[in-house]
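Architecture at a glance
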Amino acid sequence: MLEFDNVSKSFWTGTQRKVILDRVSFRVELGKSLGILAPNGTGKTTLINMMAGLEKPDEGEIRRLCNISFPLGFMGGVIGRISAIENCRYIARLYGMDPDYVEAYCRWLCNLGEYFDQPLGTYSAGMRSRFSFALMLALDFDIYLVDEGMPSTTDVEFNKKAGAILKERLETTTIVIVSHQPATLEKFARSAAVLMDGHLHMFDTLEEAKQLYDYETQG
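Because the structure is predicted, anything quoted here is derived from the model rather than measured.

**Comments concerning the overall build of the protein chain**
Of regular secondary structure, the protein chain possesses seven helices and eight strands. The C-alpha atoms of the protein chain give 18 Å as radius of gyration, which agrees with the globular expectation for 219 residues (17 Å, within 12%). Once the C-alpha set of the protein chain is aligned to its principal axes, its extents read approximately 50 × 35 × 35 Å. The long-range fraction of contacts in the protein chain, counting pairs at least 24 apart against all pairs at least 6 apart in sequence, stands at 67%. Taking the average location of the 23 positive side-chain charges in the protein chain and that of its 29 negative ones, the two points are 3 Å from each other.

Shown next, in the form of structure tokens:
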């Protein structure tokens, strides 16, 4: 379970205080994937980073009572000067997993060829996204955090394999996905919420959440 209890978060922009969360409380139960709709600039990435423990709340408490992934696309845990192989094995040990398995899984899913032996600092943005996503799927998490859906990559084979794996994972794990596009959430979540003006409005269905989101963003 992941739980926010009366959590507040804001930033000073230089001219005003930007409120991301204003005394927000909600819970993500295992087995119940959640989609969160939020217009650009409202704090989607900040919210996901707080779930992962990468950012702390100003007030309130965040309880992580299960194994929660780093956000899809987050590269802060890998080392740019060493190869994908070395990163796989290092991170596998941090999570108590078999380094041989994690390396083999990422090599298969990424399909980076000889670049898998090269430092991550030499990778393009698309290659780094593929490696980050593969690494997240290789590790054993109860809740997977996804910011804006699939990685930005033009590799058709990777997109097909990764999409199939995510679909399969939905049957055994929980996904929290945030996006400004309702269509992105449809594949992954039934229940949904809308983040707006520092408040998180929870709904039983994505359709209900879309009605509020469309009204607020298109009205």
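**Focus on helix H7 (residues 206–218)**
Across its 13 residues, H7 extends 17 Å between first and last C-alpha, which sits within 8% of the 18 Å expected from 1.5 Å per residue. Looking at the packing, one finds that the buried side of H7 touches strand S3 (34–37), helix H6 (182–185), strand S7 (191–196) and strand S8 (199–203).

**Description of the side chain of arginine 130**
Looking at the secondary structure, you find arginine 130 in helix H4 (residues 125–138). Among the residues examined, arginine 130 registers a relative accessible area of 9% and is labelled buried. Within the local environment of arginine 130, its side chain forms a polar contact with the backbone oxygen of asparagine 111, the two atoms lying 3.2 Å apart.

**Regarding the sheet that holds strand S2 (residues 17–28)**
Pairing is antiparallel in the open sheet, where three strands are placed in the order S2-S1-S4. The sheet terminates laterally at S2 and strand S4 (59–64), the two strands that pair on one side only. Sheet twist, expressed as the average angle between the axes of neighbouring strands with direction ignored, equals 25°. Both strand S1 (residues 2–12) and S2 contribute to a ladder of eight bridges, which runs antiparallel.

**Concerning the sheet that holds strand S5 (residues 143–147)**
Sheet architecture is open: five strands sit in the order S5-S6-S3-S7-S8, paired in mixed fashion. Two strands in the sheet have a free side with no partner beyond their single neighbour: S5 and S8. For this sheet, the mean inter-axis angle between neighbouring strands, taken without regard to orientation, is 20°. Bridge count for S3 against S7 is four bridges, and the pairing is parallel. Counted as the bridge partner of leucine 37 is valine 194 from S7.

**Overview of the packing of helix H2 (residues 84–94) against helix H3 (residues 99–110)**
Axis separation between H2 and H3 bottoms out at 8 Å; the angle between their running directions is 135°. As far as their axial angle goes, H3 and H2 are oblique. The interaxial crossing formed by H2 with H3 has right-handed handedness. Of the residues in H3, those touching H2 at Ile85, Cys88, Arg89, Ala92 and Arg93 are Pro99, Asp100, Val102, Glu103, Cys106 and Arg107. Looking at the contact of H2 with H3 residue by residue, the classes come out as six nonpolar, no polar and five charged.

**A few points about the state of the cysteines**
In the structure shown here, the tally under the stated rule is zero disulfides. With no disulfide of its own, cysteine 106 lies 3.7 Å from the sulfur of cysteine 88, the closest cysteine sulfur. Its relative accessible area of 0% is what places cysteine 106 among the buried residues.

**Re a nonpolar patch on the surface**
A grouping of Tyr90, Leu94 and Tyr95 is seen on the molecular surface, where their side chains present a nonpolar patch of about 310 Å² in accessible area. Inspection of the secondary structure assignment puts tyrosine 90 in helix H2.

**Description of the side chain of lysine 161**
Take lysine 161: it is sitting in helix H5 (residues 156–169). Apart from residues no more than four positions distant in its own chain, lysine 161 is found in contact with Trp108 and Leu109.

**A closer look at the pattern of salt bridges**
Under the defined criterion, the tally for this structure stands at 13 salt bridges. Arginine 63 is the partner of aspartate 5 in a salt bridge, and the nearest nitrogen-oxygen pair spans 2.9 Å. With aspartate 5 in strand S1 and arginine 63 in strand S4, this pair connects stretches of sequence that are 58 residues apart. Judged by relative accessible area, aspartate 5 falls into the partly exposed class, the value being 30%. Shared partners join several salt bridges into a network, and the residues in it are Glu3, Asp5, Arg27, Glu29, Glu61 and Arg63.

Conventions and cut-offs
Residues numbered from 1 in each chain as written. Predicted model: local features only at pLDDT ≥ 70, side-chain atom pairs only at ≥ 80, totals over all residues. Heavy atoms only, no water. Helix = DSSP H or I, 4+ residues; strand = E, 2+ residues; numbered from the N terminus. Rg over C-alpha atoms; globule rule 2.2 N^0.38 Å. Contact = heavy atoms within 4.5 Å. Lys, Arg positive; Asp, Glu negative; His and termini not counted. Charge placed at Lys NZ, Arg CZ, Asp CG, Glu CD. Expected span 1.5 Å × (residues − 1). Buried < 20%, exposed > 50% of the residue type's maximum accessible area, 1.4 Å probe, protein only. Polar contact = N/O pair within 3.5 Å; in protein donor to acceptor, adjacent residues only side chain to side chain. Pairing = 2+ DSSP bridges. Axes fitted to C-alpha atoms, helices over the stretch in contact; angles between N-to-C directions. Parallel < 35°, antiparallel > 145°, perpendicular 65-115°, else oblique. Left-handed = near helix turned anticlockwise from the far one by under 90°. Nonpolar A, V, L, I, M, F, W, Y, C, P; charged D, E, K, R; others polar. Disulfide = S-S within 2.5 Å. Patch = residues over 30% accessible without salt bridge, like charges linked within 9 Å, V, L, I, M, F, W, Y side chains within 5 Å. Areas by Shrake-Rupley, 256 points an atom, 1.4 Å probe, with all protein chains shown as cover. Salt bridge = Lys/Arg side-chain N within 4 Å of Asp/Glu carboxyl O.

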